Amino acid sequence: MVLKGRKPVVYLPVPKDITDNTEVFEMRGTGEVFMDYESYLKRYEWLTEKKFVDAVNGKSGLTFWEALDSEAKSSDAIENIFPAVLKDPILRKVQFSTIGRIDELVNVVYDEFKKDFFPGESVHVFFPDGEHFWGQIREKAKCVLEPLPMNCTVTYMASDRFPMIRGPDGTIQRPAFSRYFVRVPETENEALVDDKHLRRDKKIFTKQNLRSFLRNSLQRESWQGAPWLVKEHLAIQYRLPMEIPAHLMQDAKLLASKVHIHHKFTLHALGCNNEASERPSVEKSEEIARQQQEIARMQQMQQQHPGGPHHPVQQGYHQQQPIQSRMEIRPPPPPPVIRYPIEDLDLPPKHDGMTRPQLSFFTEEQKDYVMAGRIISFEDVSLESMGLMLEVWNTLNVQCEVYVLDSFTFDDFVDAMKYKETDPLCELLEEVHCAVLSVLVDKNGKSQVVPPMRDVVTEVDATSSDAHDDSELSTPQPDAPAHSTRSRLSHVDLAYDNPRTPTTDKLHRATEMLAGRGWKGRTAARDYKDGGWQIIIIGLLHQLSAIPMWKARCENILVELAPYDGPSTPETARERYAVLDVNLRISALQIITMLSISTTPIKAFLDTCMDDMTEVRKRKIEHQREKKICFEELQIKDRDRKILWPQNMPDSPKLQSAEPVSTNGDGDDTIETNGAGSSDPDEEAPSAGRSLRRASDRKRKRDEDAVRREKEKAEKAEASKEKNKQSREFKKLVKDIAELKVQLEEHEGKIQECDADLREANVHRTKVLGKDRFCNRYYWFERNGQPFGGLPSSSTADYGYANARLWVQGPDELEADGFINLAPEDQKQYRARFGMTTTERRKKEEGATCLLNAQEWAFYDDEVRLDNLISWLDDKGEREKKLRKELVEWREKIVKYMNVHKKFREQEAAQKVEAEEEAATRVSTRHKSLEGQTAGKERCLKWTNGLAYQEQGHLHSQPEKKAVPKSRSKQAKGVATLVSRSTGKPVTRQGGSYNFK
């Protein structure tokens, strides 16, 4: 019985309108049937949530299938481990038990059955003489009445236990006990022992096993006070009563509670009324009597249908007859239990004075705009343009292999978009536009845009475009004022109802700029040089202006790039783009970039990355499997090393023996041991006989000593050989353990590499870290789809960072209307609850740097503010709990690249100051002069598109050179080429070669 939210999972019923020819989808593990794939996927996602619980062992955080498998394994294990002879009495004990918590039920059952044994149970028998054997309970001895000492009392605990005897003073003279007849197979005898000399196996009857057994065997309904019920198949197996007693039914519990509360209220009313203090009123007495009769009637109905497991009218566990109650007084509902997390704005405001850390803005003008109440205009990048610029930068860096662009930092990109010089040209600005246009149309002139956007960019031929130009704008539209500035033009709305504005049929000369040659043909020819790509953008925007969604944006840009009063030449387009407002530049680039996303190369790139992720996941699983095997082998060898360690400890220093060892055994043949030194010839014979006899004894002793020494020497040699063998085994074990540790580190490193590859190959969408209580979104763009510091082969790889900011986007309009900008009635209710409205709360908790909508962006680039933001978030809220978890998980990486960015800016500022001082003094060496020129150079000019040189042999913005046979393609100076060992082709960041052209 898998649980979710403490409730059993309920399977969906089979649809009724299924025929034999209906295509259905069956869910594995549940047997549920679905008629459409969407509902099947929805159910599948619900079952894959890690919120399910194994009801047997209480494991949580599992998917449905993991919980189902765990439950099956746990059930089998409990069935095999738990003693069979204890199942019947324990289940009979807990049937209809009203103990609320499972832990309390386990404690009660464990304490009651700890000293109680049953026939057929294997126990450990301890005898008084110290011996102990395994035995089996044959029978429990019955209590027999016995004479008592004078003035003693008996306390009977149970019918089968010998009672406790108390003395006259109340002291316990003999505690209660039980006796058992136990068969002891080792002695082939039977013993009569009491429960103090019996023990169960400590590994079998434990609270953990008992809890698992009860979880696997019991169930109960979700209402408060419901009794524990043994599962039906077990109740039938052990012949347990299945008829729920009437007083334990839900209706009876509710009725008894109402009677108790009503009786308490009646007594309270009678106590307060002095006149009726002697006896209750007749009406209230009759009401109580009716209620008591209702309970009696219900119990009588229960007795009339005693039923059993096979009784036809016996009700099931979950089928209870409702009882009508006529009581008018209802008990007050209990206060709701708050289960966090909840809706963030339902949490009460904190009055600790802590606000969200102040946001940073990309320009001082943006900060002044927010602080001044959004009443000033922009001369630089506007807040709305920041979102468009981030979108373009992220798209070009994540999918740089398709666009054939080296990665570049966000700071360089912003500087390039604001660059207005024509000499020297900004390579980053040129390459970005040309690379995006090259994706839209291939060299054969075929549009790469996939439906439904293909019809939008269908090119009109030259003749039809001229005819269309004369009659395209049927409704007169106002022209811009003659003396308007660029900044003013960027904010002019094409109002149709301004009578003072002179009107004309044409606002720009986009058609004349094309000069009869369509933008697709120019793009196919890669005619980008000398104003070529600016002309292509004019033609493309002019065609997209027919779409109402883009009309206003495209018209504003075309009025600036192809003015009606200017010549229709590429030089005009190039010069006008050089002075174009940065916000219009960003708008134009964003339009064509979003159009390029709907192209075949991008789709092929996404499919390739998906396949790469599949391969990397397989490789990661293989490394994890090898790591597990290696770890298990390491555990075994480390255990063997601990076993051999005592025999391989360094020997303690030994003392030299003080007894001299004789090495000359043959000299003992002539030594007299009896002191007779006579030279009398009469005594020589006997003396010689005694000497020879003793010499043979000494020889025998010497032989025995020699044999003993040889034996000891052989034993020592064998012991030394065994010790050397053990020492060799020990050294080999130590060596193997060291090698296994190295292998573990290698596998861990490969797993981390796989994680990095998965993160970089996840290019399908930008992942948001989360949202705060006011629905502000938080992004760290380096989180997925690109390396943390940009491509290692990029020309700006030495910068060490890509964006290095935690970006914050204002709330979406729909979310703001649903959570913040409430209706007046809802605001009144919110004020009544928390003393302020949601808008007042937002102003108080967010401070001055508040983002109104999703078009406004700001960021954090400081470690201290990031930590303060994490502290400000409340994990009791649903949104902020997820956001805080993500920020804590990625904090180390975010802070690392924030510090890299900060250090780089400090070094850059120091170099600029040094360059300015050197230029002022004009006294420097040649080397210092070159360093000063480099430091004073615009940073965006340092970027070069090495990837284009590597794959194409030329830049996008330069004309393609004619191919020379057997010649190597030109490569950017100072750019290293990564070559695959297998194919010999340049590799990408994922380690493969892509070809999307």
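The rules we used
- Residues numbered from 1 in each chain as written.
- Predicted model: local features only at pLDDT ≥ 70, side-chain atom pairs only at ≥ 80, totals over all residues.
- Heavy atoms only, no water.
- Helix = DSSP H or I, 4+ residues; strand = E, 2+ residues; numbered from the N terminus.
- Buried < 20%, exposed > 50% of the residue type's maximum accessible area, 1.4 Å probe, protein only.
- Contact = heavy atoms within 4.5 Å.
- Areas by Shrake-Rupley, 256 points an atom, 1.4 Å probe, with all protein chains shown as cover.
- Patch = residues over 30% accessible without salt bridge, like charges linked within 9 Å, V, L, I, M, F, W, Y side chains within 5 Å.
- Salt bridge = Lys/Arg side-chain N within 4 Å of Asp/Glu carboxyl O.
- Lys, Arg positive; Asp, Glu negative; His and termini not counted.
- Charge placed at Lys NZ, Arg CZ, Asp CG, Glu CD.
- Arc of directions from axis to C-beta.
- Pairing = 2+ DSSP bridges.
- Phe/Tyr/Trp six-rings, centres within 6.5 Å; stacked < 30°, edge-to-face > 60°.
- Lys NZ or Arg CZ within 6 Å of the ring centre and 35° of its normal.
- pLDDT = per-residue confidence, 0-100.
- Disulfide = S-S within 2.5 Å.
- Polar contact = N/O pair within 3.5 Å; in protein donor to acceptor, adjacent residues only side chain to side chain.
- Axes fitted to C-alpha atoms, helices over the stretch in contact; angles between N-to-C directions.
- Parallel < 35°, antiparallel > 145°, perpendicular 65-115°, else oblique.
- Left-handed = near helix turned anticlockwise from the far one by under 90°.
- Nonpolar A, V, L, I, M, F, W, Y, C, P; charged D, E, K, R; others polar.

### Observations concerning the overall build of the protein
Working step 1: Per the secondary structure count, the protein includes 30 helices and 21 strands.
Working step 2: In the protein, which comprises 997 residues, the proportion classed as buried is 40%.
Working step 3: Of all intrachain contacts in the protein linking residues separated by at least 6 positions in sequence, the fraction that spans at least 24 positions is 67%.
Working step 4: Element-wise, carbon and sulfur atoms account for 52% of the exposed surface of the protein, whose accessible area totals about 59100 Å².

### Side note on a positive patch on the surface
Working step 1: A surface patch of positive charge is lined by Lys114, Lys115, Arg199, Lys202 and Lys207.
Working step 2: Here Lys207 is to be found in helix α5 (residues 207-217).

### Section: unusual backbone geometry
Working step 1: Residue Pro341 follows Tyr340 across a cis peptide bond; omega there is 5°.
Working step 2: For Pro341, the location among the structural elements is in the loop between α8 (282-304) and α9 (364-371).
Working step 3: Residue Pro424 follows Asp423 across a cis peptide bond; omega there is 0°.
Working step 4: Structurally, Pro424 is set in the loop between α12 (410-417) and α13 (427-440).
Working step 5: Its identity as a non-glycine residue notwithstanding, Arg374 has a phi of 60°, on the positive side.

### Focus: helix α25 (residues 824-834)
Working step 1: Those residues of α25 that fall on the buried side of the exposure criterion are Gln827, Tyr830 and Phe834. Each buried residue of α25 sits inside an arc of 60° when the element is viewed along its axis, so together they form one side. With respect to the buried face of α25, the exposed residues turned more than 90 degrees away are Pro824, Glu825, Lys828, Gln829 and Ala832.
Working step 2: Contacts made by the buried residues of α25 are with α24 (813-820) and α26 (838-846).
Working step 3: At the exit of α25 stands Gly835, carrying a positive phi of roughly 80°.

### Some words on the sheet that holds strand β5 (residues 52-53)
Working step 1: Here three strands make up an open sheet; going across it, the order is β2-β1-β5 and the pairing antiparallel. Only two strands of the sheet have a single partner each, and these edge strands are β2 (7-8) and β5.
Working step 2: Judged from the two bridges that link them, strand β1 (residues 3-4) and β5 form a sheet pairing that is antiparallel. Within β5, the residue paired with Lys4 across the bridge is Phe52.

### Regarding the pattern of salt bridges
Working step 1: Within the structure shown, the criterion is met by 48 salt bridges.
Working step 2: The salt bridge involving Glu343 is made with Arg879; its shortest N-O contact spans 2.9 Å. Residue Glu343 is located in the loop between α8 and α9, and its partner Arg879 is located in helix α28 (residues 878-921); the two are separated by 536 residues in the primary sequence.
Working step 3: Note on Glu343: relative accessible area 17%, which makes it buried.
Working step 4: The class of Arg879 is buried, set by a relative accessible area of 13%.
Working step 5: Lys642 serves as the salt-bridge partner of Asp638, at 3.7 Å between the closest nitrogen and oxygen. Of this pair, Asp638 and Lys642 both sit in helix α22 (residues 600-644), separated by four residues, roughly a single helical turn.
Working step 6: Given the relative accessible area of 53%, Lys642 is considered exposed.
Working step 7: Each of the salt bridges in this network shares a partner with another, and the network as a whole consists of Asp411, Asp412, Arg805, Glu908 and Arg939.

### Some words on the packing of aromatic side chains
Working step 1: Throughout the structure, instances matching the rule amount to 33 aromatic pairs.
Working step 2: When the ring of Trp46 is compared with that of Phe52, the centres are 5.3 Å apart and the planes differ by 90°; the resulting orientation is edge-to-face.
Working step 3: With a relative accessible area of 0%, Phe52 lands in the buried category.
Working step 4: Ring centres 5.6 Å apart and planes at 20° place the aromatic pair Trp780 and Phe788 in the stacked group.
Working step 5: You can call Trp780 buried: its relative accessible area is 1%.
Working step 6: Of the aromatic side chains, those joined through ring pairs into one cluster are Tyr11, Phe25, Phe34, Tyr37, Tyr40, Tyr44, Trp46, Phe52, Phe64 and Trp65.
Working step 7: The ring of Phe205 has Arg200 sitting right over it, with the charged end atom 4.8 Å from the ring centre.

### With respect to the sheet that holds strand β13 (residues 198-199)
Working step 1: Strand order in this open sheet of five strands is β12-β11-β7-β6-β13, and the pairing throughout is antiparallel. Each end of this open sheet is capped by a strand with a single partner; those strands are β12 (189-194) and β13.

### Quick word on the environment of Asp755
Working step 1: In this structure, Asp755 sits in helix α23 (residues 684-761).
Working step 2: Along the backbone, Asp755 and Met613 are 142 residues apart, and their C-alpha atoms lie at a distance of 9.9 Å.

### A few points about α12
Working step 1: Most of α12 sits inside the fold, with seven of its eight residues counted as buried.
Working step 2: Every buried residue of α12 is accounted for by Phe410, Asp411, Asp412, Phe413, Val414, Ala416 and Met417.
Working step 3: Packing partners of the buried residues in α12 comprise α10 (383-398), α13, α21 (582-596), β20 (806-809) and α28.

### Some points on the confidence of the model for the protein
Working step 1: Taken as a whole, the protein shows an average pLDDT of 77; of its residues, 72% reach a score of 70 or greater.
Working step 2: Strand β19 (residues 777-779) holds the highest mean pLDDT among the elements of the protein, 97, whereas helix α15 (residues 486-489) holds the lowest, 32.
Working step 3: Every residue in residues 459-504 scores below 50 in pLDDT, and together they form 55 contacts with partners more than four places removed in sequence or on other chains.

### What about the state of the cysteines?
Working step 1: This model, assessed by the stated rule, comprises zero disulfides.
Working step 2: Of all cysteine sulfurs, the one in Cys940 lies closest to Cys426, which takes part in no disulfide; the gap is 3.8 Å.

### What to know about the environment of Glu365
Working step 1: Residue position: Glu365 is located in helix α9.
Working step 2: In the structure, Glu365 is positioned 14 residues away from Glu379 in sequence and 8.1 Å away in space, judged by C-alpha atoms.
Working step 3: Other than its neighbours up to four places away in sequence, Glu365 contacts Ile376, Ser377, Phe378, Glu379, Asp380 and Val381.
Working step 4: Polar side-chain contacts of Glu365 include one of 2.8 Å to the backbone nitrogen of Asp380.

### Some words on the packing of helix α4 (residues 102-113) against α5
Helix packing for two helices is described by the angle between their axes and how far apart those axes are.
Working step 1: Orientation of α4 relative to α5, taken along the N-to-C sense of each, is 120°, at an axis distance of 10 Å. Here α5 runs oblique to α4, going by the angle between their axes. Both α4 and α5 take part in a crossing whose hand is right-handed. Residues Ile102, Asp103, Leu105, Val106, Asn107, Val109 and Tyr110 of α4 form the contact with α5, whose participating residues are Lys207, Leu210, Arg211, Leu214 and Arg215.

### With respect to the pairing of β20
Every regular strand shows the same layout, with side chains that alternate between the two sheet faces.
Working step 1: Across the two faces of β20 the burial is the same, with Leu806 and Val808 and Trp807 and Gln809 all buried.
Working step 2: With three bridges connecting them, β19 and β20 associate as antiparallel partners. In the strand pairing of β20, Tyr779 is matched with Trp807.
Working step 3: Of the pairings in the sheet, the one linking β20 to strand β21 (residues 857-860) comprises four bridges and is antiparallel in character. Looking at β21, one finds that Val808 is bridged to Ala858.

### Looking at the packing of α25 against α26
Working step 1: Across the interface, α25 lies against α26 with an axial gap of 9 Å and an inter-helix angle of 55°. Viewed along their axes, α25 and α26 adopt a mutual orientation that is oblique. Two secondary-structure elements touch here, α25 through Gln827, Tyr830 and Arg831 and α26 through Thr838, Thr839, Glu840 and Arg841.
Working step 2: Its residues placed into classes, the contact of α25 with α26 shows one nonpolar, three polar and three charged.

### Thoughts on the side chain of Asn394
Working step 1: Considering the arrangement of structural elements, one finds Asn394 in helix α10.
Working step 2: Excluding residues within four positions of it along the chain, Asn394 makes contact with Thr766, Phe781 and Gln786.

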